[in-house]
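Report on the structure
These are the residues of each chain, in order.
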Amino acid sequence: MKFVIYFILILAAAAIWQLVRVVELSAKLKGVDPNKVTDKDNKLNSRLMFLFMIFLWIFSLWCLFNYKDRLLPVSASEHGIDIDWLLNFNMIIIWIVFLVTNSLLFIMAWKYYGRSDRKAAYFAHNNKLEMLWTGVPAIVLFVIIFMGIRLWNRTLEPADSKVRIVEVYAKQFSFTARYSGDDNKLGKANYRLIMDANVLGLDSSDVAGHDDVIISDTLFIPVNEEVNFRFRSQDVIHSAYFPHFRAQMNMVPGMETFFHFKPVVTTEEMRKITGNPEFDYVLLCNKICGAAHYNMQIKIVVGTKEQYEAFMNRHTEFLPAEKTAQVK
Amino acid sequence: MAADMHAHSELHAQSLEHDAHAHHGHHDDHEHHESFVSKYIFSMDHKMISRQFLITAVIMAVVAMVMSIIFRLQLAWPGEKFAFINAVMGDKWGPDGVLDPNAYMALVTIHGTIMVFMVLTGGLSGTFSNLLIPYQIGARDMASGFMNMLSYWFFFLSSATMTISLFIEDGAASGGWTVYPPLSALEKAMPGSGLGMTLWLVSMSFFIVSSLLGGLNYIITILNMRTKGMKMTRLPLTIWAFFVTAILGVLSFPVLFSCALLLIFDRSFGTSFYLSDIYIGGEALSQSGGSPILFEHLFWFLGHPEVYIIILPALGLTSEVISVNARKPIFGYRAMITSILAIGFLSFIVWGHHMYVTGMNPFLGSVFTFTTLLIAIPSAVKAFNYITTLWKGNIQFTPGMLFAIALVSTFITGGVTGIILADSALDINIHDTYFVVAHFHIVMGVSAIFGMLAGVYHWFPKLFLRHMNKNLGYLHFWLTFISAYGVFFPMHFLGLAGVPRRYYTNMEFPLFHNLQDINVLITVFAILGALAQIIFLFNFFYSIFRGTKSSQNPYGANTLEWTTPMANIHGNWPGALPEVHRWAYDYSKPGEEADFIPQTVPLRDGEEDGGGHH
């Protein structure tokens, strides 16, 4: 079977070869260069340029209308609403530029196809035109820059110290959450202390860490309360990507990184919004980190304050007070 | 002393002889006897070196393209068995026709590396800077033919090493083409970070040597060896583009070299430039105090100029092809030069936009947002100038012209999404998603390939003295253009839906399940595009040997390469070097019979040289 396919392919190639030869030789006999572009070629290709413009309009808009409902649902975080607004604002601008300039290009190509009885215009330079298309993009870009930087600064400004700190710790290929407990302080950790049970390398001599709570299957956060995430990594660079919350920060071994946001839509509410009763928020790894990079994730649940407290009560602290007392 | 004198006079005699030879050569071209080795292998002739670069790049491009088809099959139909995958990847990496996850990582890594460096840097600059710099400035060859030869052979070594790395036991480098440590530094992190990564670094070191030898040569040749009358402001835009490209390369590749060198130290000699606080494979590493962020800074200090090293030559070729075939002067010649210079300058102060969410200080994010978005201004000027060049033209749709027009389209389409990505606030949520993949493939991948193909079709008569087949060219173009948009336009929507890049499959996340038809659509177009390249390959190799012979100036172009005879002779011009009297863009000048005036034609009384002010 394979040989039949190869045989057909070779025959096809030989046929094309011979066809090309025949066309070129017959043109040579007529005394014309077979590869010189003719008026007919120009007309054909200019029309194809026009058709391509129509194809590009239809195809791009088809993509937009066909796929837009499958993009991420409304932002589940407060700053994400602003990001979405700015994204839409910029998207409208670039869609207009994309359609208008491409259309201009293809219309020129369609309209001014070469004819042997015509001569092109000699138009080498025009200051006014060039000022126009330097100035207008410059003005539009300054608006975009201004709005972008303002939002960036607002989103990334350091969190207030009262904001709840939650650590997300990454290793190949899983995430672990550590809650800072009532004191809102995470205990010290050191990678040299990592051992079988002590996955995060916590330093048990640091009292601040005794009430920390480590949870590795779910990242539970209460709605309408700011959370300050602290990120660490054990081995290689990972990236904590919260697509539904429009948040992302790389997790870099040897340093701490931060990102804070306020979730405003609970999992229950988002299930209603998306019409999907099985919907769950997810935190996924978005920096190439090894063979199982494609499956590094942890479920995120956003619940009410009561649900959050109930959840935390089901989990034990790193070194509960009674245990510490026993040790003493 | 005497010996010294002797050596000196010998050198003098040699140079006299060389001179005499150059003058002599034109009486009888066949007098210059060369062995097979000095003519085809260790050639110092810019035209032969150009062909060597091109053919090597074409082969590497085929390798990279086959890789892309393999991982596209996996992405569209994850877990499906393909005899094709098994046939190419073997039983180890494609057991039963299903791609192995580590092999997937290696494929995306090497696909990126080959395309960025071997095809679009070495292939594009190497081919066309070599071919066109001496030709278009009116020089007999490069300033140093020997360095030029070395440049090709280091490029060959680099390509060969990269290819060899595909066949080793643990697989090729697989940490992504950006090879961020610690992933690329630690063998325990992934198998490809062992010997595969070592070979990657060796290959890149060769590549950097090649690029520097070539780049220095290009700069010196352009500055010192222009023929009489060829002022900088009379240079074709191709040469301006190659010139700025070479400067960018010379300034940024050494930084990549230091970046790679420190990585070699971390990998092999236990230093900790990039490593700190790492626990891997049940062991706490002793390295402490380094930072992977340092690597990212060094890498992107090359990496961002690199994308302009790729796109500027393509834009330069396009400027020439569009002007010649629209039979019009390029619109805004001086604005085009200014734009190239502005893009070149800005390209050095924007690298941080690759690092908005790496933990870099947020204040720096604002700075890089500002500088990055500024680049859109000179880019917009270029796009509008191309469109205006077509306006009221008399467009000759050669296959080269079609690719040049397509480049303008993809440069616009890919450029506008850069506005989203440059915006640090918006980058947060689309960083490292398929939106990025779509953006850079259109704006620098597809555009640069289109520029390269435009160059190959257009200058084929100068490369191989023949024409490529026109009708196969048309077929190749239209299929390629449609599939390029078919592949990369829908990809933006995957990114906006939050799909991360470099995932072996998206099926582990219910979130992405309803996007699978987009991946199928993309792969179908990718296969169509790959099949279209078979037409090109056939046409390319067929025409090298059997294409119709070209006349001396088949397009009626003004630049100097078309004043050389249709034979590849040493020194390019049999007689004296041509003298230049005007800019390169006097097409369809009013009051002239012909629609072109070559640069060698003296200005008439009272005629103004173009490009200036009216």
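This is a predicted model, so every value here is computed, not measured. (Residues numbered from 1 in each chain as written. Chains lettered and ligands numbered in written order. Predicted model: local features only at pLDDT ≥ 70, side-chain atom pairs only at ≥ 80, totals over all residues. Heavy atoms only, no water.)

Below, the discussion takes up the overall build of chain A. For chain A, the count of helices and strands is seven helices and 10 strands. In terms of overall size, chain A is more extended than a compact globule, its C-alpha atoms giving a radius of gyration of 31 Å where 328 residues would be expected to give roughly 20 Å. Taken over the C-alpha atoms alone, chain A extends approximately 105 × 65 × 40 Å along its principal axes. Sorting the 328 residues of chain A into buried and exposed places 49% on the buried side. Within chain A, residue pairs in contact and separated by at least 24 positions form 71% of the contacts whose partners lie at least 6 positions apart. Here chain A has roughly 16,700 Å² of accessible surface; of this, 64% comes from carbon and sulfur atoms. In chain A, 36 positive and 33 negative side-chain charges are present, and the distance between their average locations comes to 14 Å. (Helix = DSSP H or I, 4+ residues; strand = E, 2+ residues; numbered from the N terminus. Rg over C-alpha atoms; globule rule 2.2 N^0.38 Å. Buried < 20%, exposed > 50% of the residue type's maximum accessible area, 1.4 Å probe, protein only. Contact = heavy atoms within 4.5 Å. Areas by Shrake-Rupley, 256 points an atom, 1.4 Å probe, with all protein chains shown as cover. Lys, Arg positive; Asp, Glu negative; His and termini not counted. Charge placed at Lys NZ, Arg CZ, Asp CG, Glu CD.)

Okay, the sheet that holds strand E10 (residues 297-303) of chain A next. Residues and elements named next belong to chain A. Read across the open sheet, the five strands follow the order E4-E10-E9-E6-E7; overall the sheet is mixed. Each edge of the open sheet carries a strand with a single partner, namely strand E4 (218-222) and strand E7 (247-251). The average angle at which neighbouring strand axes cross in this sheet is 20 degrees, direction not considered. Note that strand E6 (residues 238-242) and E7 share five bridges and pair antiparallel. The partner of Ala240 across the bridge, within E7, is Met249. (Pairing = 2+ DSSP bridges. Axes fitted to C-alpha atoms, helices over the stretch in contact; angles between N-to-C directions.)

Next up on the list: the nonpolar core. Within the largest apolar cluster, 287 residues are counted, with the highest numbers of intra-cluster contacts made by Tyr179(A), Leu219(A), Phe229(A), Phe242(A), Phe117(B) and Phe540(B). Here this core gets 21 residues from one element, more than from any other, and that element is helix H5 (residues 101-137) of chain B. Two domains each provide a minimum of three residues to this core, namely domain 1 (33-116 + 123-156) and domain 2 (164-318) of chain A. Once you skip the residues sitting within four places of it in the chain, Tyr179(A) turns out to touch Ile165(A), Val166(A), Leu186(A), Asp211(A), Asp212(A), Val213(A), Ile215(A), Thr218(A), Leu219(A), Phe220(A), Tyr308(A) and Met312(A). (Core = buried A, V, L, I, M, F, W, Y, C linked by side-chain atoms within 4.5 Å. Domains from an automatic or database assignment.)

As a further point, take the domain arrangement of chain A. All names here are of chain A. Splitting chain A by domain gives domain 1 (33-116 + 123-156) and domain 2 (164-318). Each of domain 1 and domain 2 was reduced to a C-alpha centroid, and the two centroids are 40 Å apart. Across the boundary between the two partners, domain 1 contributes 13 residues, which contact 17 residues of domain 2. Between domain 1 and domain 2, the buried area comes to about 1,200 Å², and carbon and sulfur atoms account for 63% of it. The three residues of domain 1 that bury the most area against domain 2 are Leu72, Pro73 and Ala76, which together make up 40% of that side's buried surface. The partner of Asp84 in a salt bridge is Arg246, and the shortest N-O contact between them spans 2.7 Å. Our count for the contact surface shared by domain 1 and domain 2 stands at seven residue pairs in polar contact (both at pLDDT 80 or more). Elements with a contribution of two residues or more to the side of domain 1 that touches domain 2: helix H3 (78-111) and helix H4 (127-156). With five residues, H3 is the largest single contributor of residues to the side of domain 1 that touches domain 2. Its residues assigned to classes, the side of domain 1 that touches domain 2 comprises six nonpolar, five polar and two charged. (Buried area = accessible area lost by both parts, 1.4 Å probe. Salt bridge = Lys/Arg side-chain N within 4 Å of Asp/Glu carboxyl O. Polar contact = N/O pair within 3.5 Å; in protein donor to acceptor, adjacent residues only side chain to side chain. Nonpolar A, V, L, I, M, F, W, Y, C, P; charged D, E, K, R; others polar.)

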